[in-house]
Amino acid sequence: MPQATVYAATITGVEARSVEVQADVSSGLPGFSIVGLADTAVQEARDRVRSAVRAAGFEFPNARVLVNLAPAPLRKHGTGFDLPIALAILTATRQIPTRLTESAAAVGELALDGSIRPVAGALAHALAASRSGYDLIGPSGALGPAQSVDGLTCRCLNSLQDLRQGSLNDAPKHAAPRSEINAPDLSEVAGHEGAKRVLEIAAAGGHNLLMIGPPGSGKTLLARRLPGIMPPLDKSERLDSALVHSVAGLDETTVLDGVRPFRAPHHTCSIAGLAGGGSPPRPGEMSLAHNGVLFLDELPEFSPSALQTLRQPMEDGALTLVRAEGRVRYPARFTLVAAMNPCPCGFLGDPERPCKCAEGNVRRYAARIGGPLMDRMDLVVRVDRIDPDLLLGAPPGEATSGVRERVLRTREFARLRGGLSAALSGAPLLNVCRLTPTTARLFSETARSHHLSGRAVTRILRVARTLADMNQSPEVLAEHLAEAVGYRGWDNE
Amino acid sequence: MDKQETGRRGEDAAAAYLERTGMTIVDRNWRCPSGEVDIVFLDGQTVVLCEVKTRTTDAKGTPEEAVTPQKQRRIGRIARSYLAEAGLEPCPVRFDVVSIRVLAEDRALLRHHRAAFTLDG
């Protein structure tokens with residue numbers, strides 16, 4: 001019976017789901033059909049496979065060729081099915097031995113000359129293959145990142161012509177991760193000592209940060225230096241973040257080297273661009289910033305509806321897109337860093353230049369962000385223009401490496417004490433804060449007089465816990481709470 | 001020479017050519033409710049359904065281009081009827097196209113496209 005099966009996978013969210021590619025070659029009216037909920041790109045595989053198989057010196061059967069993608073109810077998309085379909089047909093017609101594709105999953109797009117191109121999501125395919133206990137067959141371009149998956153054997157295939165030698169080579173090993181992270185240094189920013197402390201708090205505790213200041217005062221400069229002072233990604237974080245980059249078709253190598261992602265979408269970014277979407281769905285900027293920094297410059301210029309999509313992931317660390325063809329879940333645990341001018345002209349509150357905005361415009365400008373989002377900003381800091389003398393004559397500030405050392409120490413202290421507070425709330429959060437009765441009473445009075453919401457109280461406690469960790473203090477003291485309350489811009493207005 | 005006459009002479013020329021290259025013609029202008037197939041011949045064990053297109057001018061495109069996807073699907077339906085009626089299924093089948101471009105009263109260019117199309121989808 002001229003039939004063969006090769007394994008493949010299709011990407012849903014950041015996960016590759018295993019798919020069986022079954023080929024049946026039988027006599028009858030010559031034709032080539034693909035069944036099993038295949039999208040346009042998969043249907044187009046027919047023409048690419050036919051040409052590539054012939055170009056590689058094999059024969060495309062002049063017979064009825066039926067390819068079935070199982071399980072049938074799962075939607076299959078992408079050009080990565082080209083290679084498994086070609087392998088299944090070549091195996092079914094006995095043009096290549098069964099052992100070449102035995103217990104292996106394949107992924108790759110075919111060019112008309114038989115060469116094989118990498119596709120987006122190679123890392124997801126590698127994880128799926130490793131989960132099912134298969135080897136992975138693909139072009140060397142796709143196998144580099146795939147080798148960061150433990151215990152996976154990769155078989156390298158760069159063109160269908162290579163099949164004629166009857167065996168596949170193991171892929172060359174991925175180069176060792178680079179140890180030094182090449183990012184802009186904090187010492188290049190003069191002045192702004194208050195803002196730098198707030199950056200350090202954000203890095204140490206994973207808190208959200210809003211910088212308010214006139215144009216050109218250094219908000220972007222500061223934001224770009226935040227990933228550098230955060231601890232490098234650990235092994236599982238690397239894989240999670242790289243996975244999102246991989247399925248989005250972006251280069252994942254810097255993330256695999258441990259560099260935290262820094263995403264700075266323009267303020268014209270759409271909801272789908274920020275949250276993810278499209279058909280098939282692709283991850284958005286929030287997910288690409290997973291385990292890193294999402295920087296939104298000119299926050300009030302973003303469309304209000306796009307900004308509201310930030311709220312779910314800021315609470316859950318993930319977001320779910322529900323579409324007609326099903327639901328997908330993307331990870332999105334990011335540190336939000338936002339920047340805005342205090343008013344449309346930018347000079348409200350500036351000690352020297354007067355603000356020219358009408359009062360109503362200032363209110364409307366700030367109102368575009370909305371209370372619920374503002375409530376999630378743990379640290380609000382003013383970034384003012386700095387003195388030209390300081391800019392031109394100042395000695396270099398503290399370097400990124402020194403601040404990162406302190407951040408690492410703070411995180412280590414937090415870990416020994418029982419873990420980061422950023423994910424805690426309710427009783428567990430109160431437990432790790434270890435407030436004395438006097439401090440607790442003081443705080444509840446402050447909360448009442450500031451009309452703080454339950455969420456605001458929780459968020460202040462988390463920041464205060466981080467401040468205490470920075471001082472290596474097992475208890476959260478009144479001074480920590482006072483500083484944390486001071487960073488709540490919204491409630492202080 | 002009218003269009004029917006051109007077509008008929010083209011089919012004759014194609015049949016003569018195929019016989020000369022060792023094919024066995026089994027049917028000419030086989031009709032069924034789905035339509036007509038110009039030539040059916042045997043290439044070894046393979047049953048070949050052959051469409052012949054003759055053109056005197058390239059004004060409306062080459063003869064090959066006239067075998068559109070709709071026409072291919074129609075030939076596919078005719079093939080099913082033919083195989084069923086001849087009791088031949090299952091056997092290897094092929095679809096060929098012979099294109100003839102008439103250059104002068106006694107000269108023409110003939111091209112034989114083997115496996116010109118398949119029934120995809």
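It should be emphasised that the depicted structure is a prediction, and the values quoted were computed from it without experimental measurement.

Per the secondary structure count, chain B includes two helices and five strands. The N-to-C order of helical and strand elements in chain B reads α-β-β-β-α-β-β. In terms of overall size, chain B behaves like a compact globule, its C-alpha atoms giving a radius of gyration of 14 Å where 121 residues would be expected to give roughly 14 Å. Buried residues in chain B amount to 29% of all 121 residues. Relative to all contacts within chain B whose residues are 6 or more apart in sequence, the contacts with residues 24 or more apart total 53%.

All names here are of chain A. Relative to the helices and strands, threonine 309 is located in the loop between α13 (304–308) and α14 (311–316). With 19 C-beta atoms counted inside 10 Å, the residue threonine 309 sits in the partly exposed group. Spatially, the C-alpha atom of threonine 309 lies 30 Å from that of proline 184, the residues being 125 residues apart in sequence. Discounting chain neighbours no more than four positions away, the residues touching threonine 309 are Ile271, Leu274 and Ala275.

Residues and elements named next belong to chain A. On the basis of which strands lie adjacent, the open sheet formed by five strands has the order β12-β15-β18-β11-β19 and parallel pairing. The strands lining the two open edges of the sheet, one partner per strand, are β12 (262–263) and β19 (379–382). As judged from the four bridges shared by strand β11 (residues 209–212) and strand β18 (residues 335–340), these two strands associate in the parallel manner. Bridging across to β18, methionine 211 finds its partner in alanine 339. Sitting on the sheet, helix α6 (residues 193–205) is in contact with β11, β18 and β19, with an inclination near 165 degrees to β19.

Moving on: the domain arrangement of chain A. Residues and elements named next belong to chain A. When cut into domains, chain A gives domain 1 (3–170), domain 2 (186–411) and domain 3 (418–493). Summarising the inter-unit geometry, the C-alpha centres of domain 1 and domain 2 are found 40 Å apart. At the junction of the two partners, domain 1 supplies 13 residues and domain 2 supplies 18 residues. Sorting the residues of the side of domain 1 that touches domain 2 by element identifies β1 (3–12) and α4 (122–132) as the ones contributing at least two each. Here the side of domain 1 that touches domain 2 gets three residues from one element, more than from any other, and that element is α4.

So, on to the pairing of strand β8 (residues 135–138) of chain A. Residues in a regular strand point their side chains to alternate faces of the sheet. Residues and elements named next belong to chain A. By the bridge criterion, three bridges tie strand β5 (residues 104–106) to β8 in an arrangement that is parallel. Counted as the bridge partner of alanine 106 is isoleucine 137 from β8. The sheet contact formed by β8 and strand β9 (residues 154–156) spans three bridges and is parallel. Each residue of the ladder has a partner; that of glycine 138, found in β9, is cysteine 156. With helix α5 (residues 140–146) bridging β8 and the parallel β9, this β-α-β connection has right-handed handedness.

Chain A puts 10 residues into the contact, and the matching count from chain B is 15 residues. For the side of chain A that touches chain B, the leading source of residues is strand β3 (residues 31–35) of chain A, giving three residues. Here the side of chain A that touches chain B is composed, by residue class, of four nonpolar, five polar and one charged.

Turning our eyes to something else, we now look at the sheet that holds strand β1 (residues 24–32) of chain B. Residue and element names in this part refer to chain B. Judged by pairing direction, the sheet is mixed, and its five strands sit side by side in the order β1-β2-β3-β4-β5 without closing on themselves. The open sheet has two edge strands, β1 and β5 (107–113), and neither has a second partner. Along the sheet, successive strands turn relative to each other by an average axial angle of 30 degrees, direction set aside. For strand β3 (residues 46–55) and strand β4 (residues 93–104), the ladder comprises nine bridges, and the chain directions are parallel. The residue bridging threonine 54 from the neighbouring strand is isoleucine 100, located in β4. Sheet contacts for helix α2 (residues 69–86): β1, β2 (35–43), β3 and β4; angle to β2, the most-contacted strand, approximately 65 degrees.

It is worth spelling out the pairing of strand β15 (residues 293–296) of chain A at this point. All names here are of chain A. Along β15, one buried face is formed by Val293 and Phe295 and the opposite face, lined by Leu294 and Leu296, is buried too. Across two bridges, the pairing between β12 and β15 is parallel. Bridge pairing in β15 places phenylalanine 262 opposite valine 293. The pairing of β15 with β18 spans four bridges and is parallel. Paired with valine 293 across the two strands is threonine 335, which belongs to β18.

Conventions and cut-offs
- Residues numbered from 1 in each chain as written.
- Chains lettered and ligands numbered in written order.
- Predicted model: local features only at pLDDT ≥ 70, side-chain atom pairs only at ≥ 80, totals over all residues.
- Helix = DSSP H or I, 4+ residues; strand = E, 2+ residues; numbered from the N terminus.
- Rg over C-alpha atoms; globule rule 2.2 N^0.38 Å.
- Buried ≥ 20, exposed ≤ 12 C-beta atoms within 10 Å, placed from the backbone.
- Contact = placed C-beta atoms within 7 Å.
- Pairing = 2+ DSSP bridges.
- Axes fitted to C-alpha atoms, helices over the stretch in contact; angles between N-to-C directions.
- Domains from an automatic or database assignment.
- Right-handed = clockwise from strand over helix to strand, strands pointing away.
- Nonpolar A, V, L, I, M, F, W, Y, C, P; charged D, E, K, R; others polar.

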